[in-house]
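Understanding the architecture of this molecule
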Amino acid sequence: MTATEIRVEQARPAPVRRRTSATTPQDRLVALGCAVSATLLTWFVMHQLLVSPGWLADLVVAYLLYLGMLYLVTRDRLGRLAAFDKLVSAVVVSGAVGLLIPLLFLLGYIVVKGVPSLRLAFFGHDMSAVAPTDPATATGGLHAIVGTLEQTALALVFVVPLGVLTAVFLNETRSRFRRPVRIFVDAMSGLPSVVAGLFVYAALILPPAQLGFSGFMATLALTMIMLPTVTRTVDVVLRLVPDGLREASLALGASRARTVWSVVLPTARTGVSTAIILGIARVVGETAPLLFTSFGTLSMNYNPFSEPQESLPRFVYRYIKEPLASAQERGYIGALVLILLIFALFALTRLIGRTRWSARRTKPRSAR
């Protein structure tokens, strides 16, 4: 290297380290400029030079032009690696936004339809004294709320122990039956909900069993639907627990059962809470199995083991298909309350898991 090259190398500023995921104001301006340029170029090409077939074609062309411009400009500024990272980030973010927009539209539609007729009286009485011609503001859904809570709670009583034990069996044992059990769990994951309801209906409600319609029959159908979801989620979570924790516990003389109970499960507590949330989300809005099991009723039934019992999904299905506008509004009210109930259950589950984890972390070692 000559003296001139050495002086040039010394005069060159040192490279500044930068995280590829970090964005600067200049990056945001570049993204905005690419978006505006892609929009204007799409308008010129699709509407001035060609005949656009519709807004969807304009959106696709503008999106592809935006990605191309973003990649080229970022590559010129920061290099090929950063350009590819920005391109993938833009695709991921746009995909998330594309999924979020329909969800927000659905939630907004239910809120707009249900809020005007929702009253506090909905949580205080059932539909036994409400006539079909009464206004939607006179709707009562206490019997449906109680039925949904009881059926979901009973399903969790069955699913959580069975799902966690099955996941522990699949991950923490070396039994030769692990493979068939895993195949069976994966197969049950694709079980249509209506098939679960028909199975309970044919096996327990029809002769010779003749146990009759009840909330407990609905619980059995919901258990069949929820169990594979919880088992597979806990299975994945347990795989993420580092093997070093298990080996350290076994090296200290703990048994394998004690290791699972005191090391593996506490480490995966947050994931187990997530599995429970996913299980609740899987079944709390199911309607098909309830048509063959709980049957539904207009009056309150606190006993899920006897007589038909209403639930919010069944409540929505009952009224949303009616020709009267007031009945359809009752269906939207039930859908809104069902969404609020799901959010409340999610928040409660997260709060319980976080509280237990915080209490364990702050607990003195001598008291553990």
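Conventions and cut-offs
Residues numbered from 1 in each chain as written. Predicted model: local features only at pLDDT ≥ 70, side-chain atom pairs only at ≥ 80, totals over all residues. Heavy atoms only, no water. UniProt positions renumbered as here; feature names shortened; annotations may be inferred. Helix = DSSP H or I, 4+ residues; strand = E, 2+ residues; numbered from the N terminus. Expected span 1.5 Å × (residues − 1). Buried < 20%, exposed > 50% of the residue type's maximum accessible area, 1.4 Å probe, protein only. Core = buried A, V, L, I, M, F, W, Y, C linked by side-chain atoms within 4.5 Å. Contact = heavy atoms within 4.5 Å. Phe/Tyr/Trp six-rings, centres within 6.5 Å; stacked < 30°, edge-to-face > 60°. Patch = residues over 30% accessible without salt bridge, like charges linked within 9 Å, V, L, I, M, F, W, Y side chains within 5 Å. Areas by Shrake-Rupley, 256 points an atom, 1.4 Å probe, with all protein chains shown as cover. Salt bridge = Lys/Arg side-chain N within 4 Å of Asp/Glu carboxyl O. Polar contact = N/O pair within 3.5 Å; in protein donor to acceptor, adjacent residues only side chain to side chain. Axes fitted to C-alpha atoms, helices over the stretch in contact; angles between N-to-C directions. Parallel < 35°, antiparallel > 145°, perpendicular 65-115°, else oblique. Left-handed = near helix turned anticlockwise from the far one by under 90°. Nonpolar A, V, L, I, M, F, W, Y, C, P; charged D, E, K, R; others polar.

Labelled according to an unreviewed UniProt entry, the protein chain appears under the name Phosphate transport system permease protein PstA, originating from Amycolatopsis dendrobii. Turning to the protein chain, the UniProt annotation filed under Subcellular location (unreviewed entry) states: "Cell membrane".

A separate point is helix H4 (residues 80–114). Taking 1.5 Å as the rise per residue, H4 with 35 residues should run 51 Å; its terminal C-alpha atoms sit 51 Å apart, in good agreement. Listed as buried for H4 are Ala 82, Ala 83, Lys 86, Ala 90, Ile 110 and Gly 114.

In this structure, Val 234, Leu 238 and Leu 312 are the most contacted members of the largest nonpolar core, which totals 41 residues. Of the residues forming this core, the biggest block, eight residues, is contributed by helix H8 (residues 215–239). Every residue in contact with Val 234, bar those within four places of it in the chain, is listed here: Val 164, Ala 167, Val 272 and Ala 275.

We now examine the packing of aromatic side chains. As enumerated under the stated definition, the model contains 10 aromatic pairs in all. Plain terms: the ring middles of Phe 216 and Phe 305 are 5.2 Å apart, the flat faces sit at 35° to each other, and that makes the pair tilted. On the criterion of sequence distance, the pair formed by Phe 216 in helix H8 and Phe 305 in the loop between helix H12 (288–291) and helix H13 (312–320) is long-range, its members being 89 residues apart. Among the aromatic side chains, those forming a connected cluster through ring pairs are Phe 122, Phe 123, Phe 315 and Tyr 319.

In this section: a nonpolar patch on the surface. A grouping of Leu 41, Trp 43, Phe 44, Leu 49 and Leu 50 is seen on the molecular surface, where their side chains present a nonpolar patch of about 520 Å² in accessible area. The topology assignment puts Leu 49 in helix H2 (residues 25–49).

The next point concerns the environment of Gly 140. When you line up the elements, Gly 140 lands in the loop between H4 and helix H5 (142–172). It is 6.8 Å that separates the C-alpha atoms of Gly 140 and Gly 124, two residues lying 16 residues apart in sequence. Those residues in contact with Gly 140 that lie beyond four places of it in its chain are Ala 121, Phe 122, His 125, Asp 126, Met 127 and Phe 315.

As a further point, take the UniProt feature "transmembrane region" (unreviewed entry) in the protein chain. Feature annotation in UniProt assigns "transmembrane region" (unreviewed entry) to the following positions: residues 29–49, 55–74, 86–112, 152–171, 183–204, 216–238 and 332–353. Here residues 29–49 runs as 100% helix and 0% strand, with 29 Å between its end C-alpha atoms. Span residues 183–204 is 86% helix and 0% strand, its end C-alpha atoms 26 Å apart.

The topology assignment puts Glu 286 in the loop between helix H11 (269–283) and H12. Using a relative accessible area of 14% as the deciding quantity, one classes Glu 286 as buried. A distance of 2.6 Å separates the side chain of Glu 286 from the side chain of Arg 282, its partner in a polar contact. Ignoring any residue separated from it by four or fewer positions in sequence, one finds Glu 286 in contact with Ser 193, Leu 222, Ile 225 and Pro 313.

The next subject is the packing of helix H6 (residues 178–189) against H8. Any two packed helices are characterised by the angle at which their axes cross and by the distance between the axes. Close contact between H6 and H8 brings their axes to 8 Å; oriented N to C, the two are set at 125°. With respect to their mutual orientation, H6 and H8 come out oblique. Both H6 and H8 take part in a crossing whose hand is left-handed. Every residue of H8 that contacts H6 at Arg 182, Val 185, Asp 186, Met 188 and Ser 189 is listed here: Met 224, Pro 228, Thr 231, Arg 232, Asp 235 and Arg 239. Residue composition of the contact of H6 with H8, grouped by class: four nonpolar, two polar and five charged.

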